[in-house]
Every structure is written in C-alpha cells, then in structure tokens.
Amino acid sequence: MNDTHKLVNDLSEQVSRLVKDELRLARMELTEKGKRAGFGAGLFGAAGIAAFFGGAALVAAVVMLLALVMPAWAAAAIVAGVLFIVAAVLGLTGKNQVEQATPPVPEETIASVKADIDMVKERARR
C-alpha cells in the first residue's frame with residue numbers, strides 16, 4: 001500500500017511539473033510570436049506610410065499633367081474635387097457597413113441557442 005501511495009505522489013509531482021513546464025514553454029512561444037507580430041505590424045504601418053506618399057506623388061503628377069492643358073489652379077481644383085468625391089463614396093460605404101454590423105451582438109447565434117434550449121425543454125417535458 002505504501003508503494004502505491006508513493007507512486008501516486010510521484011505521478012502527481014511529475015504531472016504538476018509537466019504542466020508547469022508546458023505553460024512556461026507556451027508563454028515563451030507566445031512572447032516570441034507577439035514580438036514577431038509587433039514587428040510585422042510596424043512593417044505594415046511603414047508600408048502604409050510609403051503608399052500614402054506614393055499616392056500623394058501620383059496626385060501631384062496628375063495635377064502637373066492637367067496643368068499642361070489648363071491653368072495649374074484649375075488642374076488642382078479638378079483633382080481635389082475627384083478626391084473629395086471618392087472620399088465621400090468610401091465614407092458612405094463604410095458608414096453603411098458599420099450600421100449593418102450594429103449592434104455588435106450575434107443575433108443569429110442567440111436565436112439559434114434559444115431555439116436549442118426550447119427544443120431541449122420540450123423533449124424534457126415528454
């Protein structure tokens with residue numbers, strides 16, 4: 001009986017040590033992945049800034065191209081007007097998407113769970 005008690009204690013200690021080691025390993029892995037994710041997010045941000053400046057240079061090129069056939073102020077006004085129209089369309093589309101997503105409650109899932117609960121209650125009554 002004493003050997004069985006010792007084996008159970010040893011097993012308990014080994015399982016406890018194994019769980020602690022696995023948790024430590026998971027924490028180290030998540031830390032490493034978090035660092036990589038942060039670095040990747042920084043690179044995405046840098047790419048966004050570079051794309052913004054590229055877009056700004058392209059807008060300037062379009063203004064300069066139009067300035068060859070009309071006054072520079074008119075070329076800049078036309079390009080600005082087009083950009084404002086694009087911004088308005090994108091803004092309205094985004095607003096509609098946000099309105100469709102609110103309220104942020106999984107209504108279909110809640111209805112499905114309620115139906116499941118009602119079905120279980122009905123079967124329990126039988």
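The rules behind these values
- Residues numbered from 1 in each chain as written.
- Predicted model: local features only at pLDDT ≥ 70, side-chain atom pairs only at ≥ 80, totals over all residues.
- Heavy atoms only, no water.
- Salt bridge = Lys/Arg side-chain N within 4 Å of Asp/Glu carboxyl O.
- Helix = DSSP H or I, 4+ residues; strand = E, 2+ residues; numbered from the N terminus.
- Buried < 20%, exposed > 50% of the residue type's maximum accessible area, 1.4 Å probe, protein only.

A. The pattern of salt bridges, seen in detail. Applying the stated criterion across every chain yields a total of 4 salt bridges. The salt bridge partner of glutamate 29 is lysine 33, with a shortest N-O separation of 3.5 Å. Residue glutamate 29 and its partner lysine 33 are both found in helix α1 (residues 2–66); the two are separated by 4 residues, about one turn of the helix. The class of glutamate 29 is partly exposed, set by a relative accessible area of 43%. Residue glutamate 32 is joined to arginine 36 by a salt bridge in which the shortest nitrogen-to-oxygen separation is 3.4 Å. With glutamate 32 and arginine 36 both in helix α1 and 4 residues apart, the pair spans about one turn of that helix. With relative accessibility at 62%, the residue arginine 36 sits in the exposed group.

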